[in-house]
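The chain contents come next:
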Amino acid sequence: MLADYSPVRIQARNSVVDAHRVDLVLIGARGKVGSAFRRQLGNRQPALLSEANLDLRLLAGFDRRGFAFDTHGIVPESIDEHMPERGADDVERLMSHVGRHGGVRTLVVDCTASDEIADFYPRLLMGGMGIVAANKRANARSLSSYRDLQHAARERGVPYRYETTVGSAIPLLGPLRDLRLRGERVISVQGVLSGSLSYILHRMHEGCLFSAAVAEARALGYTEPDPMEDLRAIDLSRKLLVLAREAGFAMELEDLVIEPFADLDIASDDLIPALQVADAGWKARIASALEQGERWVVLAEASREGGRINLRRVPAHSSFAQLEPGQNLISIRTELQDRMPLCVSGPGAGVEITAAGVLSDVVAAAAHWTRQD
Ligand SMILES: NC(=O)c1ccc[n+]([C@@H]2O[C@H](COP(=O)([O-])OP(=O)(O)OC[C@H]3O[C@@H](n4cnc5c(N)ncnc54)[C@H](OP(=O)(O)O)[C@@H]3O)[C@@H](O)[C@H]2O)c1
């Protein structure tokens, strides 16, 4: 049944108030991050209503295979493997429903790694919908398309948040934006930015073979759906590009010099056996570094002059070498924080922590609208 749902009324101290309703459309609803997000949303909905006056309802959830849509709101945990099959015009039907209900705030939560979904962003923002993305594709395209999205969100006054696209849930892009707004010029950013590569290298320094470390990282949900995206540093280059642009550097992908960890053209299913050919070489490289009191790290850095990603040996006692498996560390040098750079660190990958970061973005986006009302 397609009926409108009525506002939730909350008993405040001396009065009854309407909660601020925001409808959520979750894309990638049964993926790793999408599923964790639904669990966390379901757990937090009552508290967000009573403590923050926010009525966050899951209006729809879909992936490539299934589609669920209910104008009354869906219980987030109820989406499972038995979700109804997605029909050819389901997404259009959903979009035209949202378009007809202009007064209701709608936030699209993109938990895919899909270019096809990123293609929708201009239309969503121009249509007055907000976006929260764990998907970094849209911001890692050309500089002009990155700027167009920022401009569309500003022009329409809608939230566009993507904090988890770099450093998972570490507060990084928000603070960078704050630095820019207060006029503090960023000189450079440098860091271990890939939770998956940092995990793989950590395990290799502990004696794990390269191929086994990649298999472990994939099983733990640290890698991209296709781990070659991590090993070729494709995912990391997207992160560095987003980070550099948020730092205020006008950068294109071609401005990055990238040294991949491994560069094979291989289907994801055959990956681990194919990587075994590199096991012996990596074992020797790791042993040689350890003998000389060093460790391998993948460093990503950018400044106004350009950016680079490379595998580097650093002293074992340096901060970049001391990171826990999956940990990220980013150092930001600014005009005012040059001799003593600002450093942020924390888990750079992981399904639950990323979903928590997505939920933070959703709450911040809803609060953005609350302030406008
Ligand atoms: N895992 C992490 O630690 C981490 C950290 C930071 C950011 N992220 C980002 O989070 C995103 C999701 O990662 P994940 O690990 O959850 O991946 P995943 O488990 O592979 O999930 C991807 C989801 O996206 C859906 N999808 C793909 N293309 C689609 C399309 N065209 N239309 C609708 N749905 C589509 C898939 O649906 P089907 O199953 O039907 O194909 C699946 O539900 C990625 O962008 C990743 O970079 C992940």
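Within an unreviewed UniProt entry, the label attached to the protein reads homoserine dehydrogenase, and the organism entered is Lysobacter antibioticus.

Caption draft 1: Up close: the pairing of strand β11 (residues 294-303). Across the 10 residues of β11, nine count as buried, placing the element largely inside the fold. Relative to β11, strand β9 (residues 186-192) runs antiparallel, the two sharing four bridges. Its bridge partner lying in β11, S188 is registered against S303. Here β11 pairs with strand β12 (residues 306-315) via 10 bridges, running antiparallel. Within the sheet, the bridge partner assigned to R295 lies in β12 and is V314. Taking the residues between adjacent antiparallel strands as the criterion, β11 and β12 are bridged by two residues.

Caption draft 2: Structural context of the packing of helix α6 (residues 173-181) against helix α10 (residues 234-246). Where α6 meets α10, the closest approach of the two axes is 9 Å, and the angle between their N-to-C directions is 25 degrees. As summarised for this structure, α6 and α10 are arranged roughly parallel, according to the angle between their axes. Touching L173, L176, R177 and R180 of α6 are V242, L243, R245 and E246, all from α10. Its residues assigned to classes, the contact of α6 with α10 shows four nonpolar, no polar and four charged.

Caption draft 3: Quick look at helix α8 (residues 210-219). Within the span of α8, buried status applies to F210, S211, A213, V214 and A217. Buried residues of α8, seen end-on, are gathered within an arc of 160 degrees and therefore sit on one face of the element. Next to the buried residues of α8 lie α7 (195-205), α9 (228-231), α11 (271-275) and α12 (279-291). Just past α8, the residue G221 takes up positive phi, approximately 80 degrees.

Caption draft 4: How the structure looks around the domain arrangement of the protein. The domain boundaries assigned to the protein delineate domain 1 (9-166 + 353-372) and domain 2 (177-348). For domain 1 and domain 2, the distance between their C-alpha centres works out to 29 Å. Contacts between the two partners involve 16 residues from domain 1 and, on the opposite side, 17 residues from domain 2. Taking both sides of the interface into account, the surface hidden between domain 1 and domain 2 amounts to around 1,500 Å²; carbon and sulfur atoms contribute 60%. Of all residues in domain 1, K136, L143 and V166 bury the most surface against domain 2, accounting for 37% of the area lost on that side. Taken together, domain 1 and domain 2 are joined by three salt bridges. Residues R137 and E229 are paired through a salt bridge, measuring 3.4 Å at the closest nitrogen-oxygen approach. Counting every contact that joins domain 1 to domain 2 gives seven residue pairs in polar contact (both at pLDDT 80 or more). Ranked by residues supplied to the side of domain 1 that touches domain 2, first place goes to helix α5 (residues 143-156) with four residues. Grouping the amino acids of the side of domain 1 that touches domain 2 by side-chain chemistry returns seven nonpolar, four polar and five charged.

Caption draft 5: Structural context of the site of the ligand. Close to the ligand lie 26 residues, the nearest being V33, R64, T112, E224 and G350. Take R64: an N or O atom from its side chain is 2.7 Å from an oxygen atom of the ligand. T112 places a main-chain nitrogen or oxygen 2.7 Å from an oxygen atom of the ligand. Relative to its unbound accessible area of 910 Å², the ligand is 90% covered by the protein chains.

Caption draft 6: Representation of the pattern of salt bridges. Overall, the coordinates contain 25 salt bridges when judged by the stated rule. We note a salt bridge from R123 to E92, for which the minimum N-O separation is 3.1 Å. Here the residue R123 occupies a position in helix α4 (residues 121-126), and E92 occupies one in helix α2 (residues 90-100), the gap between them amounting to 31 residues. Under the relative-accessibility criterion, R123 is labelled partly exposed at 43%. Between R203 and E206 there is a salt bridge whose closest N-O contact spans 2.6 Å. Through salt bridges with shared partners, a single ionic network connects D115, D119, R137, R141, E229 and R238.

Caption draft 7: Region of the structure containing the environment of C208. By the element assignment, C208 lies in the loop between α7 and α8. C-alpha separation for the pair C208 and K283, spaced 75 residues apart in sequence, amounts to 8.7 Å. Non-local contacts of C208, meaning those with residues more than four positions away in its chain, are made with R203, A213 and E216.

Caption draft 8: Up close: the packing of aromatic side chains. For the structure on display, the rule yields nine aromatic pairs. When the centroid spacing of 6.3 Å and the interplanar angle of 75 degrees are considered together, the rings of F67 and F69 count as edge-to-face. On the numbers, 5.0 Å between centres and 75 degrees between planes, the contact of Y199 with Y222 is edge-to-face. Of this pair, Y199 sits in helix α7 while Y222 sits in the loop between α8 and α9, and the two are 23 residues apart along the sequence. Chaining the aromatic ring pairs together yields one cluster made of F210, F261, W282 and W296. Positioned over the ring face of Y162 is R177, at 5.9 Å from the centre of the ring. Here the guanidinium or amino end of R285 rests over the ring plane of W282, the centre of that ring lying 4.5 Å away.

About the cut-offs
Residues numbered from 1 in each chain as written. Predicted model: local features only at pLDDT ≥ 70, side-chain atom pairs only at ≥ 80, totals over all residues. Heavy atoms only, no water. Buried < 20%, exposed > 50% of the residue type's maximum accessible area, 1.4 Å probe, protein only. Helix = DSSP H or I, 4+ residues; strand = E, 2+ residues; numbered from the N terminus. Pairing = 2+ DSSP bridges. Axes fitted to C-alpha atoms, helices over the stretch in contact; angles between N-to-C directions. Parallel < 35°, antiparallel > 145°, perpendicular 65-115°, else oblique. Contact = heavy atoms within 4.5 Å. Nonpolar A, V, L, I, M, F, W, Y, C, P; charged D, E, K, R; others polar. Arc of directions from axis to C-beta. Domains from an automatic or database assignment. Buried area = accessible area lost by both parts, 1.4 Å probe. Salt bridge = Lys/Arg side-chain N within 4 Å of Asp/Glu carboxyl O. Polar contact = N/O pair within 3.5 Å; in protein donor to acceptor, adjacent residues only side chain to side chain. Near = heavy atom within 4 Å. Areas by Shrake-Rupley, 256 points an atom, 1.4 Å probe, with all protein chains shown as cover. Phe/Tyr/Trp six-rings, centres within 6.5 Å; stacked < 30°, edge-to-face > 60°. Lys NZ or Arg CZ within 6 Å of the ring centre and 35° of its normal.

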